Amino acid sequence: MASRRVQSKMAKRSKLHLLRTLTNSKSEVKVEKLIGTRFLVKVTCKKGKDVLVSILEVFEEMKLSVVQARVTSRYFFGMEAIVEAENEANLDVKVNLTRALQMAISFGEELM
C-alpha cells in the first residue's frame with residue numbers, strides 16, 4: 001500500500017513539474033518543409049484569447065489550406081498541422097509563415 005502511494009505521489013509531482021515547465025516556457029513555432037507544397041507546422045504557447053483564430057487567419061492570408069490538424073488546449077495551447085500552399089511561387093513560405101505565426105501568437109497572449 002505504501003509503495004502505491006509513493007508511486008502515485010511521484011507521478012503527480014512529475015506531471016506538476018511538466019505542467020509548470022510548459023506554462024513557463026515561451027512560445028515555440030516550427031515550420032518544416034514536407035513533400036511538394038506541404039509544410040508541417042508545430043505551435044506551442046500559453047493559452048490566450050483567440051490564438052487558434054489568429055493562426056487560422058494567418059493560414060488564410062497566406063493562401064494555405066489546412067490538410068490535417070491536431071489541437072490541444074487543456075493546460076497550454078498546442079497545434080500540429082499539415083498545410084499546403086496554393087502554388088510553389090512563394091519560395092519563402094517557411095520563413096514568412098514562421099514570422100507571421102509568432103506575431104499572431106504573441107498578439108493572442110497579450111489579450112489574455
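Residues numbered from 1 in each chain as written. Predicted model: local features only at pLDDT ≥ 70, side-chain atom pairs only at ≥ 80, totals over all residues. Heavy atoms only, no water.

### Quick word on the packing of aromatic side chains
Inspection of every chain in the model, using the stated rule, returns zero aromatic pairs. For Lys33, the ring lying beneath its charged end belongs to Phe39, and the centroid distance is 5.0 Å. (Phe/Tyr/Trp six-rings, centres within 6.5 Å; stacked < 30°, edge-to-face > 60°. Lys NZ or Arg CZ within 6 Å of the ring centre and 35° of its normal.)

### A few points about the sheet that holds strand S3 (residues 64-72)
Ordered by their spatial adjacency, four strands build an open sheet running S1-S2-S4-S3, and the pairing between neighbours is antiparallel. Taken across any chain shown, the strands that pair with only one partner, and hence form the sheet edges, are strand S1 (28-33) and S3. Averaged over all pairs of adjacent strands, the angle between their axes in this sheet comes to 15 degrees, without regard to strand direction. The pairing of S3 with strand S4 (residues 77-85) spans eight bridges and is classified as antiparallel. (Pairing = 2+ DSSP bridges. Helix = DSSP H or I, 4+ residues; strand = E, 2+ residues; numbered from the N terminus. Axes fitted to C-alpha atoms, helices over the stretch in contact; angles between N-to-C directions.)

### Comments concerning the confidence of the model for the chain
Confidence in the prediction for the chain averages 81 pLDDT; 80% of positions are at 70 or higher. Ranking the elements of the chain by mean pLDDT puts helix H1 (residues 2-24) last with 70 and S3 first with 94. (pLDDT = per-residue confidence, 0-100.)

### Some thoughts on helix H2 (residues 51-61)
Within H2, the full set of buried residues consists of Val51, Ser54, Ile55, Val58 and Phe59. Seen end-on, H2 carries its buried residues on one side only, within an arc spanning 145 degrees. Exposed residues pointing more than 90 degrees away from the buried face of H2 are listed as Glu60 and Glu61. Just downstream of H2, Lys63 is the residue with a positive phi angle, here 55 degrees. (Buried < 20%, exposed > 50% of the residue type's maximum accessible area, 1.4 Å probe, protein only. Arc of directions from axis to C-beta.)

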